[in-house]
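Structure assessment
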Amino acid sequence: MLLLSVTTQANNYYFSSVTGDDSRSSLEAQNPATPWKTLAKLTSFFPSLQPGDSVLLKRDETFYGTIISGASGTAANPIVIASFGAGAKPIISGFSILNNWVAAGNNTWETTNPSLNDSVNVLLLNGASQFRGRYPNADAPNGGYLFYESHAGNFLVTDNELGSSQDWSGADIVIRKNRYITDRGKIIQQTGNSLFYTGTSSYEAVDSFGYFIQNHPATLDQRGEWCYNGISKKMTLYLNAGENPNGQEIKASLYNTLLQVWNKRYIYFNDLDFTGANEYAIDIFGNTNIQFNRCHINNAGTTAVIGLSNTSILLDSCQILHSNNNGIYLQDENNTTIRNCIIKNTGEFPGMGNNGENTYQAINITGSNNIIQNNFIDSTGYTAVRFEGDFVEVKNNLVQHFNFVKDDGAGIYTWTGSPAVVYRGRKITDNIVLYGAGAGYGTPEPDAQVSYGIYLDETAGYVDIQGNTAAYCKGAGLFLHNANNINVSNNTLFNNGTQMLLNENHTYLLRANSIFGNMLFSKYNYQPVSHLLADLNDFTEFGTFDNNYYCRPIDDKFVFETDYKVLGELGHAVYDLPGWQNKFGFDLNSKITGTQIPPYAITSLSASNKFANGGFNSNLDSALTFSSIGICHGAWVNGEALDGGAMKVYFDGPNDSVTNNKVAYVIMHVGSVDTTKQYVLRFSLQGTKNLKTFQVYLRKEGEPYNPLVNPQYCNVSTTRTENEFQFSFPQSQSSASIIFEISKDVGDFYIDNIRLSEAVISPTNADDYIRFEYNATANSSSVDLNGIEYVDAKNNPFSGTLTLAPWSSIVLIRKALDVLPVKFSQFSGKLIQKEVQLNWSTTPPPDGSRFEIERSPDQHFIKIGTIDATMNVSPGMYRFTDPLPEPGKNYYRIKEIDADGAFTYSNVIVININTTEKAILWPNPATGSIHLNLPKSLIGKKLALSLQTVTGTILATKQLIASGETISFDISAYSKGLYLLRIDENGEFNTINFIKQ
């Protein structure tokens, strides 16, 4: 017994990279005063470790290399790898310090390090991770993507605008093959505008998507950009002019893996810092009961933690930062827990991650009985959390900022992919998911909204989605795609592009889902609350819907949208809640918002009617109907409905689904409309059917008959209604019409009292009324309502202090706004050279008040300036200059704020910055000469052109009167690098960058 107690005694082995010595004995290494030194020694000794032994690395010290675990512990006596001493966690580093930099011209520097690998995935400059050089830069137009018009197989893309002045052979090509695949390959040959490549995933390119080029010296033009030649082991770095890398700390990833644990049991890693792995920081395979507690894992070249076929893995309170590909990638895992972790900055840069699927993700785990709980996941290039398998729980996680490199992904995502595979017992519970950005650059549809909060894809089934919050996602808060047996209950979906999206397509069906007791809240009137799509027009089979709140208080009329196919043709319909209930029998106990918000205020309304025959007193002059199959007709009637004379719209033809859904039009000529003006349309309406809708908008007369404003929807019923629509800043058109876009299904109806008038309209600022709060902690939190009275969507009142339960959220509606004595009497703006000058006048504002100037490209306003009310140019007159307006339309408004915080708004004006004409420089990159074509707006004007270095040295100048002819510069004598061509027109400057090869 005495012998047994001696042989099982646990020992501590100490390591110090400063005072250690690997030649010491194992007995000496058990004394912190005589430690071992290197990770190579630890790896060689690891097989000798016994259950209960500990390896302790000195804090505040750095150890270079790889640990390979060679022994196992037991449940009662695990092996522990931890730290000792005081200070920061001991660092296990995969970096190699780069020295001996030599200037290579054009602000680039080179060094060669034979010890580096064939590829380098991480470079740090003074502790900050840098990305590879790319052409075009990420801040260039289209997000730095070029576009390929055609491709061949999975080896060639052709870009008709590429040019052959720069041979990109040997560089990397990064190809956006679809919305969720971004692949990196090697360019093996360039032939004209065609690039031959190899090394990408099996996904084939899709024409008209984007690509860029990286890892080539010609791409380097911004500080910190780098490229690496794996054959010569040469690193090239771009720095600012006059900056020298020698003396700065520059590190490149050298060791592919920092920790390898294969087929082991009961090893605990505590309080360690892993940094700079060229590929995987931690590689675990076939293990049982391995723990990582309070570890930091930073700057992984691909994936921070990768694992396969493990059981009972624990990651607790770890921090995972700056992984180029994935944060945690665990496949075929069972009984694994990821909790209390911070995972940030994962897959931030396109082209730095891996190819194919399952890339650029924070957590990806497959297997059974796994838990992802209480983690903070921030800034993920693609999907933040993806899981598959039985009995998985994703609970109490805060997920934010995702889908900004690739999209068609989500904050939380799962799929199955085949009806033959059925997973059960999955829960997504009490998570808060925010800011799904979308990644439109590099796609044919850059404005498409394809980022989702919670996304269940392709036959995913048997998932409970309960108590979650999804907000600020460009696509939908919740997306069910061909999913089944999903229980969606007590979730809050707020201010997403659409709150809930259900889509059935391909060969799979959406079935047996329960949507019950949810809060779906659209902040803006252009956001659908619920959107259903189906190839089969079988919405009634999707599941059951009830006891939900469908909220869009700023305009709650048509919150439901459906898209479907009828005999191969696409159909679209919108519904208010009664229409939705009547059509499908859904949501019989559901409600809309208890408190409504006015969508806009009319400051003034012209007495002039742009539709002269608005009363239809004697005829239908200037009004007509049209149907491509001749079934829609208009007639003047007197005394049948509405006020005396009216226009009657009626239908004939067969009563079948095709005819009933054919589009027809009521057209009313109104003359010109102007993009600088706002309009109000009013009319009386009465139908012969209830709960029918049609679209109302302004349209160009004559081909191409394009809408001049976004269509709005109108409800028809057997009861007379008075209707009003506002159209702000339409496309300018000399001949326009009011359009009522209808179908036979609407039934016969009457229109009267048509009035389209110019107006001054102030759209409601939703932020003035709607407040969203969430609590992403395990404890209740208090929210100070600042003395303002609110109600929630159910009309429950709140004032003073609000208490939010853990992992919950609430949407509040302000009951009333204070009315201020100040009034705006005039607000105008004009373009002066490239600046916008704003002028306004008011009644005398109260003492201590101020004006905030707000601008928007789409009427989502941000503050661009503030002036005190005492800064008037004359009594009651104010002026502000916007030096950097956006291209295209710029909407402006002024917010007057009293000293006590009460405020009011001016009307909105629009200033259009014409961007259709610009100077064009080609080719770029160039070798012998560059050529410049000037816009027509400069013809006849005196110009001064100067060719400069990036530091401002003038190399050549030309003085000329612009004639429209091409202007050329010979640049063959200049060295390679980045140059500027500056165009000076009477003190207004335009600068174009180009690369000399």
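Refer to the structure presented above.
Residues numbered from 1 in each chain as written. Predicted model: local features only at pLDDT ≥ 70, side-chain atom pairs only at ≥ 80, totals over all residues. Heavy atoms only, no water.

Some details on the overall build of the chain
- Summing up its helical and strand segments, the chain has five helices and 90 strands in all.
- Taken over the C-alpha trace, the chain has a radius of gyration of 33 Å; the compact-globule value for 997 residues is 30 Å, and the two agree within 12%.
- For the chain, the C-alpha atoms occupy an extent of roughly 115 × 80 × 65 Å along the three principal directions.
- A burial count over the chain gives 54% of its 997 residues as buried.
- A separation threshold of at least 6 residues defines the contact pool for the chain, and within that pool the share at least 24 residues apart is 65%. (Helix = DSSP H or I, 4+ residues; strand = E, 2+ residues; numbered from the N terminus. Rg over C-alpha atoms; globule rule 2.2 N^0.38 Å. Buried < 20%, exposed > 50% of the residue type's maximum accessible area, 1.4 Å probe, protein only. Contact = heavy atoms within 4.5 Å.)

A closer look at the layout of surface pockets
- Its boundaries defined by the atoms lining it, the second largest pocket holds a volume of some 1300 Å³.
- For the second largest pocket, the lining is made up of 37 residues, of which Tyr135, Ala140, Pro141, Asn924 and Asn993 are closest to its centre.
- At the level of elements, β12 (134-135), β13 (146-147), β84 (920-922) and β90 (988-996) are the ones that each hand at least two residues to the lining of the second largest pocket.
- Counting residues per element, the lining of the second largest pocket draws most heavily on β90, at six residues.
- Among the residues making up the lining of the second largest pocket, the classes are represented as 19 nonpolar, 11 polar and seven charged. (1 Å grid on protein atoms, 1.4 Å probe; cavity = no way out; pocket = protein on both sides within 12 Å on 5 of 7 lines; lining within 4 Å. Points joined across faces, edges and corners; volume = space filled by probe spheres on them. Nonpolar A, V, L, I, M, F, W, Y, C, P; charged D, E, K, R; others polar.)

A short note on the nonpolar core
- With 93 residues, the main nonpolar core has Phe269, Phe274, Val305, Leu456, Ile465 and Leu480 as its most contacted residues.
- Aside from chain neighbours lying at most four places away, what touches phenylalanine 274 is Ile92, Leu258, Leu259, Ala281, Ile282, Cys295, His296, Ile297 and Asn298.
- Core analysis: the next-biggest nonpolar cluster, separate from the first, contains 39 residues, Phe616, Leu685, Phe694 and Leu698 among them. (Core = buried A, V, L, I, M, F, W, Y, C linked by side-chain atoms within 4.5 Å.)

Examining the side chain of serine 54
- With respect to the secondary-structure elements, serine 54 resides in strand β2 (residues 54-58).
- Here serine 54 falls in the buried class, since its relative accessible area comes to 12%.
- Once residues lying within four places of it in the same chain are set aside, the contact partners of serine 54 are Asn11, Asn12, Tyr13 and Val80.

As for the state of the cysteines
- One pass over the structure, following the stated rule, counts zero disulfides.
- Not engaged in a disulfide, the cysteine cysteine 295 finds its nearest cysteine sulfur in cysteine 318; these two sulfurs lie 4.9 Å apart.
- Assessed through its relative accessible area of 0%, cysteine 295 is described here as buried. (Disulfide = S-S within 2.5 Å.)

So, the side chain of asparagine 723
- Tracing the chain through its elements places asparagine 723 in strand β67 (residues 721-728).
- Overall, asparagine 723 belongs to the buried group, its relative accessible area being 12%.
- Polar side-chain contacts of asparagine 723 include one of 3.1 Å to the side chain of threonine 721.
- In this structure, asparagine 723 is in contact with Leu681, Arg682, Phe683, Ser684, Leu685 and Cys714, ignoring residues within four places of it in sequence. (Polar contact = N/O pair within 3.5 Å; in protein donor to acceptor, adjacent residues only side chain to side chain.)

Regarding the sheet that holds strand β73 (residues 797-798)
- Taken in spatial order, the four strands line up as β70-β75-β72-β73 in an open sheet, and their pairing is antiparallel. Each end of this open sheet is capped by a strand with a single partner; those strands are β70 (770-775) and β73.
- In the sheet, strand β72 (residues 790-792) pairs with strand β75 (residues 808-814) via three bridges, with the strands oriented antiparallel. Across the sheet, the residue bridging to valine 791 is isoleucine 813, located in β75. (Pairing = 2+ DSSP bridges.)

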